[in-house]
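Analysis of the macromolecular model
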Amino acid sequence: MTTVPSASQWGSPTANKRALLIHGLNSSSHTFHRVASALAAKGYLVVAPNLLGHALRNTGVDFKVQTLADDLLPYLQAAEYDIVIGHSMGALVVLSLLKYLPKTKPTSVVLIDPSLEITAEQMVNGRVRFSTDVRTNPTAEDYIALNPLWTREDAIWRVLGTQIGRSTNSDDHIDGNVPWSFSHLIADKPAAAALTILVGEPSKLESIAKFKEVRTVLFSNASHWLQHEFPEVIVEEALRNIQE
């Protein structure tokens, strides 16, 4: 029997279609609650694991993205997924899992606003941004005021994602992945898989542009948290790959 890590689940266990959703840094499986509910309504069993060091889970042997990915291998060993979605660092985890996807079964892979390549200066700025969230403890009301497209539930899960994770998560994962370079993992995509990258920050387009086989969608006036602002578009893009 394969033992799988902590996860949230939506939809019927007997559904014949499956989706795997992987959250990002200082977050939890419930960041996908709107995307997951929409997919479940379309007949999918949706599984969203909690990464090591998040949502009260212990850390792994180190903080490498590959270690986070290897921890989720039991999911891919226990079932095949029609859709795999990852947000932010979770998108990098998905890239690290591409080599384990079925070689012939079509899989729709969607990455939400990943940072594929980060310079040393950008890593310093990222450390400040993430640590500010941990230090200042924004409330749900703070997030709603800053993000008018978020629901109150979005904001509450954002608060909980930070508070029930480890206070040093951001520093540990940034330090544990130097140099921060993941675009080369796109080459591991099986021919049967379709890859779409959804971008909220235009500066990230440069590291993606050279991959002609990747569908890229840029959102205008969006933040990093596309799953809160445009969950229906994420679902549409995931289903597009299957329908095509």
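These lines cover the structure that appears in this document, whether it is placed above or below.

1. As for the pattern of salt bridges
- Overall, the coordinates contain 11 salt bridges when judged by the stated rule.
- Taking the shortest distance from any N to any O, the salt bridge between Asp154 and Arg34 comes out at 2.6 Å. Of this pair, Asp154 sits in helix 7 (residues 152-163) while Arg34 sits in helix 1 (residues 33-41), and the two are 120 residues apart along the sequence.
- The exposure class of Arg34 is partly exposed, given its relative accessible area of 24%.
- Across the pair Glu141 and Arg152 runs a salt bridge, and its minimum N-O distance is 2.8 Å. Placement of Glu141 in helix 6 (residues 140-146) and of Arg152 in helix 7 is noted, with a sequence separation of 11 residues between them.
- A residue is classified by how much of its surface remains accessible, and Glu141, at 45% relative accessible area, is partly exposed.
- Accessibility expressed as a relative area gives 46% for Arg152, which makes it partly exposed.
- Taken together, the shared-partner salt bridges connect Asp113, Glu201 and Lys204 into one network.

2. Quick notes on the environment of His173
- For His173, the location among the structural elements is in helix 8 (residues 169-175).
- When its relative accessible area of 1% is taken as the criterion, His173 is described as buried.
- Sequence separation between His173 and Ile234 is 61 residues; the distance between their C-alpha atoms is 26 Å.
- If we ignore the near neighbours within four places in the chain, the residues touching His173 are Leu25, Leu52, His54, Phe63, Leu68, Met89 and Trp180.

3. Here we look at the side chain of Asp154
- You can call Asp154 buried: its relative accessible area is 0%.
- With near-sequence residues (within four places) excluded, Asp154 lies in contact with His33, Arg34 and His228.

4. Thoughts on the pairing of strand 8 (residues 193-199)
- Taken across its 7 residues, strand 8 has 6 buried, putting it largely inside the fold.
- With 6 bridges connecting them, strand 5 (residues 107-112) and strand 8 associate as parallel partners. For Val109, the partnering residue across the bridge sits in strand 8 and is Leu195.
- Pairing analysis gives 4 bridges linking strand 8 to strand 9 (residues 215-218), with the strands arranged parallel. Opposite Leu198, over in strand 9, you have Val217 as the bridge partner.

5. What about the sheet that holds strand 8?
- Taken together, the 7 strands give an open sheet; going across it, the order is 1-3-2-4-5-8-9, and neighbouring strands pair in mixed fashion. Each edge of the open sheet is held by one strand with a lone partner, namely strand 1 (7-10) and strand 9. Strand-to-strand twist in this sheet, taken as the mean axis angle between neighbours without regard to direction, amounts to 15 degrees.
- Looking at chain direction, strand 1 and strand 3 (residues 44-49) are connected through 4 bridges and run antiparallel. Among the inter-strand pairings, Trp10 is bridged to a residue of strand 3, identified as Val46.
- Along the sheet, helix 1 contacts strand 1, strand 2 (17-22), strand 3 and strand 4 (83-87); its crossing angle with strand 3, the most-contacted strand, is approximately 155 degrees.
- Lying over the sheet, helix 10 (residues 231-243) contacts strand 3, strand 4, strand 5, strand 8 and strand 9, oriented at roughly 150 degrees with respect to strand 5.

6. Structural notes on the packing of helix 1 against helix 10
- Running from amino to carboxyl end, helix 1 crosses helix 10 at an angle of 50 degrees, the nearest separation of the two axes being 9 Å. Here helix 1 lies oblique to helix 10, going by the angle between them. Classified by chirality, the crossing of helix 10 by helix 1 is right-handed. Of the residues in helix 10, those in contact with Arg34, Val35, Ala38 and Leu39 of helix 1 are Pro231, Ile234 and Val235.
- Split by residue class, the contact of helix 1 with helix 10 holds 6 nonpolar, no polar and 1 charged.

Cut-offs used in this document
Residues numbered from 1 in each chain as written. Predicted model: local features only at pLDDT ≥ 70, side-chain atom pairs only at ≥ 80, totals over all residues. Heavy atoms only, no water. Salt bridge = Lys/Arg side-chain N within 4 Å of Asp/Glu carboxyl O. Helix = DSSP H or I, 4+ residues; strand = E, 2+ residues; numbered from the N terminus. Buried < 20%, exposed > 50% of the residue type's maximum accessible area, 1.4 Å probe, protein only. Contact = heavy atoms within 4.5 Å. Pairing = 2+ DSSP bridges. Axes fitted to C-alpha atoms, helices over the stretch in contact; angles between N-to-C directions. Parallel < 35°, antiparallel > 145°, perpendicular 65-115°, else oblique. Left-handed = near helix turned anticlockwise from the far one by under 90°. Nonpolar A, V, L, I, M, F, W, Y, C, P; charged D, E, K, R; others polar.

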